[in-house]
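Descriptive analysis of the structure
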Amino acid sequence: GEPVWNSRGAQYELVLDRARARSLSARGEYAEAEKLFRSVSRRLDGAIGQQFVSHRRGMMADITRSYRALNLAREDRFVEAEIEVRKALRSTLARRGKYAGETALIILQFLKVLNAQGRFAEAEALARANLDIFRTIGASEGSFNVAAARQQLANAFVAQAKWAQADAEFNAIEAGTGTDSMAFQILLGDSVNRALAALKTGNAKRAEAVARRVVER
């Protein structure tokens, strides 16, 4: 049978399985990721009625649903992806309200789904709202989550040929995180969009340096 939620080991197993699913999705193994995301969600749903901290279970369930939505979007299953991420967002808003870390994290996945669909104006508006949430709850400008929200905003700007705004966001990420940080390497280490924004705003030297790193990676 499924492990009970009030077992600490079972909770760790859920967290690890979700991390494995995200890794599979990032590697393009979408079908396997989908199976694992569904397994995690099923086990969380099965925890209802057991002795558990409802807030923690709800948080895990909603964030897992948002990660699954991104995996679906990567498969071009956009209708399903948006249904999933909207369910996660509605649930989190009901539990925690707008200005909460969980809400901001789920909106971050929603941004990725919107950008994947080519809905860049909507992504731009939502990214601005997401940055407002992160700042209101006290996230620093150098934090990974603020940088990730800025990245989605910058990508939306690039897609709309808003080169100056995109370049400003990319520069802000660099200023906030530092080029040697893990956050910078994950988010912008191989960003073609960053090189393009630099080129389009007349910074050929920066564009060349970024492009060289992309090729080297």
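Residues numbered from 1 in each chain as written. Predicted model: local features only at pLDDT ≥ 70, side-chain atom pairs only at ≥ 80, totals over all residues. Heavy atoms only, no water.

One can find Y30 in helix α2 (residues 30-45). When residues no more than four places from it in sequence are discounted, the contact partners of Y30 are S25, N71, R74 and E75. (Helix = DSSP H or I, 4+ residues; strand = E, 2+ residues; numbered from the N terminus. Contact = heavy atoms within 4.5 Å.)

The N-to-C vectors of helix α8 (residues 163-177) and helix α10 (residues 192-200) enclose an angle of 125°; their axes lie 9 Å apart at closest approach. On the basis of their axis angle, the class for α8 and α10 is oblique. Crossing handedness for the pair α8 and α10: left-handed. Contact with α8, carried on its side by W163, A166, D167, F170 and E174, involves N193, R194, L196, A197, A198 and K200 of α10 and no other residues of that element. Residue composition of the contact of α8 with α10, grouped by class: 6 nonpolar, 1 polar and 4 charged. (Axes fitted to C-alpha atoms, helices over the stretch in contact; angles between N-to-C directions. Parallel < 35°, antiparallel > 145°, perpendicular 65-115°, else oblique. Left-handed = near helix turned anticlockwise from the far one by under 90°. Nonpolar A, V, L, I, M, F, W, Y, C, P; charged D, E, K, R; others polar.)

Here we take up the pattern of salt bridges. On inspection of all chains with the given rule, the structure shows 25 salt bridges. Here R135 ties to E141 by a salt bridge, and the two come within 2.9 Å at their closest N and O atoms. We classify R135 as partly exposed; its relative accessible area is 37%. Under the relative-accessibility criterion, E141 is labelled partly exposed at 36%. The partner of E208 in a salt bridge is R212, with the nearest N and O atoms 2.9 Å apart. Taken as a pair, E208 and R212 lie in helix α11 (residues 204-216) at a separation of 4 residues, close to a single helical turn. Note on E208: relative accessible area 47%, which makes it partly exposed. (Salt bridge = Lys/Arg side-chain N within 4 Å of Asp/Glu carboxyl O. Buried < 20%, exposed > 50% of the residue type's maximum accessible area, 1.4 Å probe, protein only.)

L111 and F170 are the most contacted members of the largest nonpolar core, which totals 44 residues. When residues of this core are assigned to their parent elements, the largest contribution, 9 residues, is made by helix α7 (residues 144-159). Ignoring anything within four residues of it in the chain, the contact list for F170 reads A154, N155, V158, L188, S191, N193, R194 and A197. Core analysis: the next-biggest nonpolar cluster, separate from the first, contains 5 residues, L14, V40, M60 and A61 among them. (Core = buried A, V, L, I, M, F, W, Y, C linked by side-chain atoms within 4.5 Å.)

Counted by the stated rule, this structure contains 0 aromatic pairs. If you follow R22 out to its NZ or CZ, it ends over the ring of Y67, 3.9 Å from the centre. (Phe/Tyr/Trp six-rings, centres within 6.5 Å; stacked < 30°, edge-to-face > 60°. Lys NZ or Arg CZ within 6 Å of the ring centre and 35° of its normal.)

Taken together, F144, M182 and I186 make up a surface patch of nonpolar side chains, about 330 Å² in accessible area. Topologically, F144 is positioned in helix α7. (Patch = residues over 30% accessible without salt bridge, like charges linked within 9 Å, V, L, I, M, F, W, Y side chains within 5 Å. Areas by Shrake-Rupley, 256 points an atom, 1.4 Å probe, with all protein chains shown as cover.)

On to unusual backbone geometry, then. One non-glycine residue with positive phi stands out, namely D76, at about 65°. Examined against the element boundaries, D76 turns out to sit in the loop between α3 (54-74) and α4 (78-96). For A161, which is not a glycine, the phi torsion comes out positive at approximately 60°. Structurally, A161 can be placed in the loop between α7 and α8. Residue classification places A161 among the partly exposed residues on the basis of a relative accessible area of 43%.

Volume-wise, the largest pocket comes out at about 600 Å³. In terms of lining residues, the largest pocket is bounded by 27 residues, among which R74, K112, Q151, I186 and L187 are the most central. Among the secondary structure elements, those contributing two or more residues to the lining of the largest pocket are α1 (8-26), α3, α5 (101-117), α7, α9 (182-188) and α10. When residues in the lining of the largest pocket are grouped by element, the largest group, 6 residues, is from α7. Residue composition of the lining of the largest pocket, grouped by class: 13 nonpolar, 9 polar and 5 charged. Estimated volume of the second largest pocket: approximately 250 Å³. Taken together, 16 residues line the second largest pocket, and the ones lying closest to its centre are S41, D45, A61, R65 and E84. (1 Å grid on protein atoms, 1.4 Å probe; cavity = no way out; pocket = protein on both sides within 12 Å on 5 of 7 lines; lining within 4 Å. Points joined across faces, edges and corners; volume = space filled by probe spheres on them.)

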